[in-house]
Amino acid sequence: MPSATPIDGPHPEVDASVAAARLVDHHVHSIVREPVDASAFLAILTESDRPPAIAGWDTQLGIAVRRWCAPLLGLPAHASGDAYLERRLTLDRDEVASTMLREAGLGTLVVDTGFRGDSLIDLATLGRLAGAEVRAIVRLESLAEDIARSGTSAAGYPAAFRAAIEQALPTSVGWKTVLAYRGGLDIEPEPPTEAEVVDAAGRWLGEVARTGRARLTDRVLLRSGIWEAIRTGRPLQVHTGFGDTDLDLQRADPALLTPFLRATEGLASVLLLHTYPFHRNAGYLAQMFGHVHMDVGLALHHTGAASERIVAESLELAPLTRILFSSDAWGLPELHLLGSWLFRRGLARTLGRWVDAGDWSLDDARRAIELIGWANAERVYGLKA
Ligand SMILES: [Zn+2]
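Structural notes, computed from the coordinates. (Residues numbered from 1 in each chain as written. Predicted model: local features only at pLDDT ≥ 70, side-chain atom pairs only at ≥ 80, totals over all residues. Heavy atoms only, no water.)

1. Description of the overall build of the protein
Working step 1: Within the protein, the regular secondary structure consists of 16 helices and seven strands.
Working step 2: In terms of principal-axis extent, the alpha carbons of the protein reach across some 65 × 50 × 40 Å.
Working step 3: By the burial criterion, 57% of the 385 residues in the protein qualify as buried.
Working step 4: Restricting to contacts in the protein with at least 6 residues of sequence separation, those with at least 24 account for 78%.
Working step 5: Of the roughly 15800 Å² of accessible surface on the protein, a fraction of 51% belongs to carbon and sulfur atoms. (Helix = DSSP H or I, 4+ residues; strand = E, 2+ residues; numbered from the N terminus. Buried < 20%, exposed > 50% of the residue type's maximum accessible area, 1.4 Å probe, protein only. Contact = heavy atoms within 4.5 Å. Areas by Shrake-Rupley, 256 points an atom, 1.4 Å probe, with all protein chains shown as cover.)

Structural data, given as structure tokens:
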């Protein structure tokens, strides 16, 4: 039976290699546990949390869901949004999830559990539905916020944070920071001193006790957490580029990390996530620094039919050994599928064109598919070890 999401590049052998790839999705989230009604579904299709900004089906992503996911529910391609939701709500949710996750063709999911993790299904269930291996990524700001809620003293904070890092090591493969959401990426490059950390912890823990709310925005503590993670030698994922309304886009340009990247050379891999619309800046940084990697996840499903261009642009300056695939899908299995499929289609069309033009050999294309599709992620996260 032909796949519901065929790869349609100009070169059949490139298409076949892309279609056969068991991708490692190196930054992804789980799917929602509770049933989603129409308004919850449409809210997940946008990064905005502002009700007036929710554009319903009139987005690239909305059109892509109707085009590519509708046939998997037994509907015609381009079915109306209403017909899609009506049909989806009558079907068994695990079956819908399993169909879409398996169609995504993922070998391994490297899952960030930090964003609204309580509302999502557990990793073992996600892996079973996807027919894939699952590994975890630990969000540094969540570690700090758990410590703040536990009633640690300011003097005990540095040791408590290091203990939390140690404790996370056996069950995770790397770290993630949302520094971009907590004041921006323009941090001082060097680690703070222990005295500075204790001082900052005193101020923050006092505020947490007063307000009952633990959301880490202190720049010294953010920096200290990042450096504790770097010292483990494990890879560090950094949110860069667009995100939701909490973020000031002009402070999410990965180029702002340049002094930090100089300071961390040779210590741990740094993975610039999403990067759009700064993916060209990210490609430049990946060429300059051997420990810097990038992806264009999240941008793929949100740009739908236009995503091919972004895949091609991600293949400009960055060495092929430092580009990774991610979907950054959250909540809906439609996003896992579209992330994978739009990436495959963009790659097959782009590489196929270059092979057809005689600019690349077929072997060059196959090597790029292997590196970007799974081998770079396996190397960076030690997935084969
Ligand atoms: Zn994410």
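Structure's up, so let's keep going.
2. Things to note about the environment of arginine 366
Working step 1: Secondary-structure assignment places arginine 366 in helix H16 (residues 362-381).
Working step 2: You can call arginine 366 partly exposed: its relative accessible area is 35%.
Working step 3: With 349 residues separating them in the primary sequence, arginine 366 and serine 17 have C-alpha atoms 6.7 Å apart.
Working step 4: Not counting the four nearest positions on each side in its chain, arginine 366 is found in contact with Glu13 and Ser17.

3. Quick word on the sheet that holds strand E5 (residues 236-240)
Working step 1: Judged by pairing direction, the sheet is parallel, and its seven strands sit side by side in the order E1-E2-E3-E4-E5-E6-E7 without closing on themselves. Here the strands that pair on one side only, and so sit at the sheet edges, are strand E1 (23-28) and strand E7 (292-294). Here the average twist between neighbouring strands, direction ignored, is 25°.
Working step 2: Pairing geometry for E1 and strand E2 (residues 106-112), over four bridges, is parallel. Looking at the pairing, valine 28 lines up with valine 111 of E2.
Working step 3: Sheet strands in contact with helix H6 (residues 123-130) are E2 and strand E3 (133-139), and its direction is about 155° off that of E2.
Working step 4: Taken strand by strand, helix H12 (residues 279-288) contacts strand E6 (270-274) and E7, and its axis lies near 150° from that of E7. (Pairing = 2+ DSSP bridges. Axes fitted to C-alpha atoms, helices over the stretch in contact; angles between N-to-C directions.)

4. Thoughts on the packing of helix H5 (residues 93-103) against H6
Working step 1: It is at 7 Å that the axes of H5 and H6 come closest, and there the two elements cross at 65°. Considering their axes alone, H5 and H6 lie roughly perpendicular with respect to each other. Seen from H5, the contacting residues are Asp94, Ala97, Ser98, Leu101 and Arg102; seen from H6, they are Leu126, Arg128, Leu129 and Ala130.
Working step 2: Among the residues making up the contact of H5 with H6, the classes are represented as five nonpolar, one polar and three charged. (Parallel < 35°, antiparallel > 145°, perpendicular 65-115°, else oblique. Nonpolar A, V, L, I, M, F, W, Y, C, P; charged D, E, K, R; others polar.)

5. Considerations on the coordination of the zinc ion
Working step 1: Coordination of the zinc ion by the protein involves His27 (NE2), His29 (NE2) and Asp328 (OD), with metal-donor separations of 2.0 to 2.1 Å.
Working step 2: Between consecutive donors of the zinc ion, the numbers of intervening residues give the motif H-x1-H-x298-D. Of this pair, histidine 29 sits in the loop between E1 and helix H2 (38-44) while aspartate 328 sits in the loop between helix H14 (307-314) and helix H15 (333-356), and the two are 299 residues apart along the sequence.
Working step 3: Its relative accessible area of 4% is what places histidine 29 among the buried residues.
Working step 4: The class of aspartate 328 is buried, set by a relative accessible area of 9%. (Donors = N, O, S within 2.8 Å, 3.2 Å for Na, K, Ca; no water.)

6. Some words on the pattern of salt bridges
Working step 1: What the rule picks out here adds up to 22 salt bridges.
Working step 2: For the salt bridge of aspartate 199 with arginine 203, the shortest nitrogen-to-oxygen distance reads 3.2 Å. Residue aspartate 199 and its partner arginine 203 are located together in helix H9 (residues 194-211), separated by four residues, close to a single helical turn.
Working step 3: Judged by relative accessible area, which is 49%, arginine 203 ranks as partly exposed.
Working step 4: A single salt-bridge network, built from bridges that share partners, covers Asp8, Glu308, Arg349 and Arg353. (Salt bridge = Lys/Arg side-chain N within 4 Å of Asp/Glu carboxyl O.)

7. Thoughts on the pairing of E6
Working step 1: The element E6 is extensively covered by neighbouring structure, given that five of its five residues are classed as buried.
Working step 2: Note that E5 and E6 share five bridges and pair parallel. Considered in E6, the bridge of valine 238 is made with leucine 272.
Working step 3: Taken together, E5, helix H11 (residues 258-264) and E6 form a β-α-β motif whose crossover is right-handed.
Working step 4: Across three bridges, the pairing between E6 and E7 is parallel. Among the inter-strand pairings, leucine 271 is bridged to a residue of E7, identified as histidine 293. (Right-handed = clockwise from strand over helix to strand, strands pointing away.)

8. Quick word on unusual backbone geometry
Working step 1: A cis amide bond links tyrosine 276 to the next residue, proline 277, at an omega of 0°.
Working step 2: Inspection of the secondary structure puts proline 277 in the loop between E6 and H12.
Working step 3: Despite not being glycine, histidine 78 shows a phi value in the positive range, around 70°.
Working step 4: As for its placement among the helices and strands, histidine 78 is situated in the loop between helix H3 (60-69) and helix H4 (81-90).
Working step 5: For histidine 78, a relative accessible area of 48% gives the class partly exposed.
Working step 6: Although it is not a glycine, histidine 274 adopts a positive phi angle of roughly 70°.

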